[in-house]
Amino acid sequence: GQTLENVSKHIDTYSFRVPLGVCAGIAPFNFPVMIPLWMFPLAISCGNTYIMKPSEKVAGAANILAQLIQDIGIPKGVVNFVHGGHDTVNNICFNPHIKAISFVGSNQAGEYIYEKGSINGKRVQSNMGAKNHGVIMPDADKEDTLNALVGAAFGATGQRCMALPVAIFVGEARQWVPELVAKAKTLKLNAGHENHVDVGPLITKDLKKRVVGIISRAESEGARLLLDGRNATVEQYPNGNFVGPTIIDNVTVDMECYKEEIFGPALCIMYAEHLDDAIQIVNNNPWGNGTAIFTRSGGVARKYQHEVEAGQIGINLPIPVPLPMFAFTGNKNSIRGDINFYGKSGVQFFTQLKTITSRWKPETEESLKLSTSMPIMK
C-alpha cells in the first residue's frame, strides 16, 4: 500500500491490499507440482482460501501435495483439491463465491475459461500456448548453443510451454545444423522412470497421433526431415506413446508445423540472412511467451531484447523462465488477463486495494461550515 499524510489540513490518505476471498486454479498435466505451486501458496499467503483443480491426467501429484499440506498443519479448508474434467471447470467459472481464477494450459481451454470467468465477474489470469523461437547468430559459442537447443527442444519431450521448438539460424550459422542433428541422435528414448533417459513418452496416445500427424504433414508441405522420430520404439515398452527427437528443416511460416504448437519432440529449423529478418519472423508470430538469442555481441543482444515482441527473453540461455521474485510475463496470444503469475504481479492478482481518506481535527478546532460545494481543505 501507500501512505501520504497531510494531503490537506488534518487529512491523510493511505491504501492497503486485502484478500479477494475464495480463489481457484486450473493446472495442466505437464508440471503437476510446479504450476500448482505458482498458484495456491501465494494466494493463501495473501489471505485467501483456494480451490485447486489438477489435470485429470496426473491426479496423483495433487494428492501428494494435499497430504503435504495436511502434514505441515495448514488448517482444513484453506487449500482444497477437486478432481474432474469439463463440469468441474464450469463449476469454477460460474460459482459466484470464487473471485479469481488462475489457469495454465492450451489456448482452447484458456480462452474459454477467461471468457466465462470474466463475464461472471471474476479476475482471470490465463497462461496459454506458445511458439518460442531461438535465434542463432554466427558469432555464438557453437558448442554451448547447440547443447542448449537440443536440451530445450527435446527436454520434457517438448511438452512444455517454454520449450524451444523453432530455431532460426542467421547467416553462416546455418552450417551448424548437421552438428545439431548429430547431437539429437545421441538422446536416449525410454520410460521416464528408467535410468539415463533423455526423452520420455508423450502423455496420451491422442497426443502421439497428433504429433505424428503434424510431422507427416510438414513433409508433405515441402519441409525436409533431417531426423525422423515417428517410428521410434522402446523394446520393453512396445505400447508406449513414444516419438523420438525430430528435426524438420526448411520450415516456412505458412506450414502447419510452424503455425501450431506441436507439444512434442519436434524442432523446426528456419533460416534468416540478417538479424532484422529473424526479428520479423518472431514478431509476426501470434504467440509471445518467450524467445532466446545466442550471440557473443552485447550490441546484438541489446537490439534483440528491445525490438523483439515476446514477454520473456533469454540471452545465451534457451528457457528464460524467471524465478518467483519476478513474474512470468508471457504476452500476445500466450496470455489472457493483464496481471501476470507470481512475483509482485501475483500479489496484485490475489489482492485488491482499499484506499482511505481520513480527517482527524484537533478537539479545539471549529467544525466545518455547511457547504454543498466540492470540499477543498485549506
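The structure we're discussing is the one just above.
All values derive from a computational prediction rather than experimental measurement.

Conventions we followed
Residues numbered from 1 in each chain as written. Predicted model: local features only at pLDDT ≥ 70, side-chain atom pairs only at ≥ 80, totals over all residues. Heavy atoms only, no water. Helix = DSSP H or I, 4+ residues; strand = E, 2+ residues; numbered from the N terminus. Buried < 20%, exposed > 50% of the residue type's maximum accessible area, 1.4 Å probe, protein only. Contact = heavy atoms within 4.5 Å. Areas by Shrake-Rupley, 256 points an atom, 1.4 Å probe, with all protein chains shown as cover. Lys, Arg positive; Asp, Glu negative; His and termini not counted. Charge placed at Lys NZ, Arg CZ, Asp CG, Glu CD. Pairing = 2+ DSSP bridges. Axes fitted to C-alpha atoms, helices over the stretch in contact; angles between N-to-C directions. Phe/Tyr/Trp six-rings, centres within 6.5 Å; stacked < 30°, edge-to-face > 60°. Core = buried A, V, L, I, M, F, W, Y, C linked by side-chain atoms within 4.5 Å. Arc of directions from axis to C-beta. Salt bridge = Lys/Arg side-chain N within 4 Å of Asp/Glu carboxyl O.

Draft legend 1. Highlighting the overall build of the protein chain. Within the protein chain one finds 11 helices and 18 strands. If you line up the protein chain on its principal axes, its C-alpha atoms span 85 × 50 × 35 Å. Sorting the 378 residues of the protein chain into buried and exposed places 47% on the buried side. Counting contacts in the protein chain only where the partners sit at least 6 residues apart, residues at least 24 apart contribute 69% of the total. Accessible surface for the protein chain amounts to roughly 19,000 Å². Of this, 53% is attributable to carbon and sulfur atoms. Of note, the protein chain has its 35 positive side-chain charges centred 7 Å away from the centre of its 34 negative side-chain charges.

Draft legend 2. Structural view of the sheet that holds strand E6 (residues 98–104). Taken together, the 6 strands give an open sheet; going across it, the order is E5-E4-E3-E6-E7-E17, and neighbouring strands pair in mixed fashion. Each edge of the open sheet is held by one strand with a lone partner, namely strand E5 (79–81) and strand E17 (335–336). With 5 bridges joining them, strand E3 (residues 22–26) and strand E4 (residues 49–53) adopt parallel strand pairing. Bridging across to E4, glycine 25 finds its partner in methionine 52. Here helix H1 (residues 34–45) sits on the sheet and contacts E3, E4, E5, E6 and strand E7 (123–127); the angle it forms with E4, its principal contact strand, is near 165°.

Draft legend 3. Molecular detail of the packing of aromatic side chains. Applying the stated criterion across every chain yields a total of 8 aromatic pairs. Ring geometry for phenylalanine 328 versus tyrosine 342: centroids 6.5 Å apart, planes at 70°, classification edge-to-face. Taken as a pair, phenylalanine 328 in the loop between strand E15 (312–315) and strand E16 (331–332) and tyrosine 342 in the loop between E17 and helix H11 (343–349) lie far apart in primary sequence, 14 residues in all. By the burial criterion, phenylalanine 328 is buried, and tyrosine 342 matches it.

Draft legend 4. Quick look at the nonpolar core. By size, the foremost hydrophobic cluster in this structure holds 33 residues, and its most contacted members are Val135, Ile168, Ile248, Val251, Cys257, Leu275 and Tyr304. Secondary-structure elements contributing two or more residues to this core are strand E9 (166–170), helix H7 (205–220), helix H8 (256–259), strand E12 (266–272), helix H9 (275–284) and helix H10 (298–307). Once residues lying within four places of it in the same chain are set aside, the contact partners of valine 251 are Cys257, Tyr258, Cys268, Ile269 and Met270. By size, the runner-up hydrophobic cluster in this structure holds 28 residues, among which are Phe169, Trp176, Leu180 and Leu227.

Draft legend 5. How the structure looks around the environment of glutamine 348. Of note, glutamine 348 is situated in helix H11. A relative accessible area of 38% means that glutamine 348 is categorised as partly exposed. With near-sequence residues (within four places) excluded, glutamine 348 lies in contact with Arg17, Arg123 and Ile339.

Draft legend 6. Representation of the sheet that holds strand E8 (residues 133–136) in the model. Strands sit in the order E10-E11-E12-E9-E8-E14-E15 across an open sheet of 7 strands; the sheet is mixed. Looking along the sheet, the strands with just one partner apiece sit at the ends: strand E10 (224–227) and E15. Strand-to-strand, the axes of this sheet are offset by a mean angle of 25°, without reference to chain direction. In the packing of H7 onto the sheet, the strands contacted are E10, strand E11 (246–249) and E12, and the crossing angle to E11 comes to about 25°.

Draft legend 7. Summary view of helix H6 (residues 177–185). The complete set of buried residues in H6 reads Val177, Leu180, Val181 and Ala184. Along H6, the residues classed as buried sweep out an arc of 100° about the axis, all on the same side. Relative to its buried face, H6 has exposed residues pointing more than 90 degrees away, namely Pro178 and Lys185. As for H6, its buried residues are in contact with helix H5 (142–154), E9, E10, E11 and E12.

Draft legend 8. Representation of the pattern of salt bridges in the model. One pass over the structure, following the stated rule, counts 13 salt bridges. Via salt bridges that share partners, Glu219, Asp228 and Arg230 belong to a single interconnected network.

Draft legend 9. Region of the structure containing unusual backbone geometry. Here the phi dihedral of lysine 332 falls at roughly 55°; this positive angle occurs in a residue that is not glycine. Note on placement: lysine 332 falls in strand E16. In the Ramachandran plot, tyrosine 342 falls in the positive-phi region, its phi being about 45° despite a non-glycine side chain. Look at tyrosine 342 and you get buried, because its relative accessible area is 7%.

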